[in-house]
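# Report on the structure
Take a look at the letters that make up each chain.
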Amino acid sequence: MNALLAVLWKDLLTEWRSRDRAIAMLLFSMLMVVIFHFSLPGGATTATRAYAPGLLWVAYVFAALLGLGRSFAIELENDAIEGLARAPVDRGWVLLGKTIANLLILGFVQAVTACIFALVFEMDLLPIALELIGVVALGSIGLCSVGTFFAAIAVRTRLREVMLPLLALPFYTPVLIAASRATNALFETGSVPFEPIQFLIVTDASYLIVSFILSDFVLDE
Amino acid sequence: MTAVVARELEKRFGSTVGLNRIDLDIQAGSTTAILGPNGAGKSTLLRLIAGLARPSSGTIEVSGRSAHHRISRARVGFIGHATGLYPELTARENLLFAARLRSVPNASARVEEQLAEAGLTRAADRRTGGFSRGMAQRLSIAVGLIDDPEIVLLDEPFTGLDRTASDRLVERLMGLRQNDRTLVLVSHDVTLAAKLADAAVVLRRGKIAHRDSGGDLDPSTLENAYTAASDRDVA
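As a starting point, this report considers the structure included with it.

What counts and what doesn't
- Residues numbered from 1 in each chain as written.
- Chains lettered and ligands numbered in written order.
- Predicted model: local features only at pLDDT ≥ 70, side-chain atom pairs only at ≥ 80, totals over all residues.
- Heavy atoms only, no water.
- Axes fitted to C-alpha atoms, helices over the stretch in contact; angles between N-to-C directions.
- Helix = DSSP H or I, 4+ residues; strand = E, 2+ residues; numbered from the N terminus.
- Parallel < 35°, antiparallel > 145°, perpendicular 65-115°, else oblique.
- Left-handed = near helix turned anticlockwise from the far one by under 90°.
- Contact = heavy atoms within 4.5 Å.
- Nonpolar A, V, L, I, M, F, W, Y, C, P; charged D, E, K, R; others polar.
- Pairing = 2+ DSSP bridges.
- Buried area = accessible area lost by both parts, 1.4 Å probe.
- Salt bridge = Lys/Arg side-chain N within 4 Å of Asp/Glu carboxyl O.
- Buried < 20%, exposed > 50% of the residue type's maximum accessible area, 1.4 Å probe, protein only.

### As for the packing of helix α2 (residues 20-39) of chain A against helix α6 (residues 91-120) of chain A
All names here are of chain A. In the contact formed by α2 and α6, the axes pass within 9 Å of each other and the chain directions differ by 30°. Judged by the inter-axis angle, α2 sits roughly parallel to α6. The hand of the α2/α6 crossing is right-handed. Packed against α2, whose contacting residues are Arg21, Ala22, Met25, Leu26, Ser29, Met30, Val33 and His37, the element α6 presents Asn102, Ile105, Leu106, Phe108, Val109, Val112, Thr113, Ile116, Phe117 and Val120 at the interface. In terms of residue class, the contact of α2 with α6 is built from 13 nonpolar, four polar and one charged.

The following block contains the structure:
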């Protein structure tokens, strides 16, 4: 647990000082929202709003991939990753600390992106804000748990920028399907059906447990 | 008592053999120098002891357990080529992070102690991104020793240090020796190795080409063994 808190504290402090990951992710997701707005026929119409959940999750997933790739790249500078690998704890705690840090950074980016999204597509997200936060959080736990795990693997490969999406995207697919279905239902009816939520909870738990168990191998050389 | 035991230790990187079935015993409280030309397998051996990599075959144990085990990792301090520092964090924060990661009791007091030992108290709140090589290396050593490990692995720690910083490091290592710490030092500097170590191993292409564990090492014998390993390598 100490290791988890130490990694979380270090990652958030480093990001607060540099802000490089959050700014890059934010610019990228905002750009996507703006492009979606101008590329869809008719701008903010009822028809285009039907695409909103999918578009929102596309922006979220690519922003996540961008941030996750960087989360281990900073460990390569000065070979700081060796310090993490040598920690005398189950390495799962180290990975979990990084997962939570990634989740918080992504959460900040998602919140700002959702505000821009609501503005651009003229949608009032306030009445469903709590439910939306819940769905996005569940989806993001899935993205960040498996994403952090694969980022740790990809960082030691030569083509790490390509490797992370290649490894993570197949595992993102079920999360994205369930999360966009839940978001779609939320936008249309104002409530979330239990089925996709149940699926997200099971997927998140599976990804977290498997990442924790296999973490001992990913930080090895 | 033996601190590190390697048996039939082999490490392969694809078709390249990094270490070729070596047997090695490192006595607790001793200082062992690992010498050899580039690519001889010195750093690979050190990384296997540190638990940073797994052997392809054979075994390596630290204090009776697999070197990869977390209890073994707790006993070993590693000071590598690179500093392992986070440039966005201050010297104090880098040490505090290492202390928390390794669950050091009374972390804040230990951090201040290490800052003083490294002569970095005045620079404690400066971000390490602006540190000189010497300052960064001193801090890196302090990070490696934050939990007062029983075994200290040093991978060419003198690289890039000026004379004053080198002398300071030698002093620090002498201090660790006096405190019965087991030191394993990878170096190209045979004279320095002979001065600091009481046992030496010369590696060549992943195999042990020469061993010396007589206590007081003879620099000329070591130099000859090192040169022979290098010459054969060139030939």
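### Digging into the sheet that holds strand β2 (residues 16-27) of chain B
All names here are of chain B. The four strands are arranged β2-β1-β4-β5 in an open sheet whose pairing can be described as antiparallel. Whereas interior strands pair on both sides, the edge strands pair on one side only; in this sheet they are β2 and β5 (65-66). Judged from the five bridges that link them, strand β1 (residues 2-13) and strand β4 (residues 57-62) form a sheet pairing that is antiparallel. For Ala6, the partnering residue across the bridge sits in β4 and is Ile60.

### Side note on the sheet that holds strand β6 (residues 76-79) of chain B
All names here are of chain B. Taking strand neighbours across the sheet as the criterion, the six strands line up as β6-β7-β8-β3-β9-β10 in an open arrangement whose pairing is mixed. Strands with a single pairing partner mark the edges of an open sheet, and in this sheet they are β6 and β10 (207-212). Across the sheet, the axes of successive neighbouring strands diverge by a mean angle of 15°, strand direction being ignored. Looking at chain direction, β6 and strand β7 (residues 151-155) are connected through four bridges and run parallel. Note on β7: the bridge partner recorded for Gly77 is Val152.

### A short note on the interface of chain A and chain B
Interface size is often expressed as the accessible area that is lost when the parts come together. Between chain A and chain B, the contact holds 31 residues from the first and 30 residues from the second. In total, chain A and chain B occlude about 2,800 Å² of area from one another, counting both sides; carbon and sulfur atoms represent 54% of this. By the criterion of area lost to chain B, the three top residues of chain A are A:Arg17, A:Arg86 and A:Pro88, representing 28% of everything that side buries. On inspection of chain A and its partner chain B, the count reaches four salt bridges. Salt-bridge contacts for B:Arg70 lead to A:Asp90; the nearest nitrogen and oxygen are separated by 3.7 Å. Of all the secondary-structure elements, those providing two or more residues to the side of chain A that touches chain B are α1 (2-18), α4 (52-76), α5 (81-85), α6 and α9 (194-218) of chain A. The element that contributes the greatest number of residues to the side of chain A that touches chain B is α1(A), accounting for ten residues.

### What to know about the side chain of B:Arg102
Topologically, B:Arg102 is positioned in the loop between α3 (91-101) and α4 (107-117). Contact partners of B:Arg102, with chain neighbours within four places excluded, come to A:Arg86, A:Ala87, A:Pro88, B:Arg73, B:Ala74, B:Val76, B:Ile146 and B:Asp147.

### Considering α3(B)
The periodicity of an α-helix, 3.6 residues per turn, causes residues three or four positions apart to be oriented the same way. Across the eleven residues of α3(B), nine count as buried, placing the element largely inside the fold. Among the residues making up α3(B), those that are buried are B:Ala91, B:Glu93, B:Asn94, B:Leu95, B:Leu96, B:Phe97, B:Ala98, B:Ala99 and B:Leu101. Among the structural elements, α1, α5 and α6 of chain A together with α4 and α5 (133-144) of chain B are those in contact with the buried residues of α3(B). Once α3(B) ends, the next one or two residues include B:Ser103, with phi positive near 50°.

### Examining the pattern of salt bridges
Applying the stated rule across the entire model yields 24 salt bridges over all chains. Ionic pairing is found between B:Glu8 and B:Arg21, a salt bridge with its closest N-O pair at 2.7 Å. Here B:Glu8, found in strand β1, pairs with B:Arg21, found in strand β2; they are 13 residues apart in sequence, far enough to count as distant. Through salt bridges with shared partners, one network takes in A:Lys10, A:Asp11, A:Glu75 and A:Lys98.

### Regarding unusual backbone geometry
Residues and elements named next belong to chain B. Positive phi is not limited to glycine here, since Ser103 has a value of about 50°. One non-glycine residue, Asp148, lies in the positive phi region at around 50°. Within the fold, Asp148 resides in the loop between α5 and β7. Note on Asp148: relative accessible area 40%, which makes it partly exposed.

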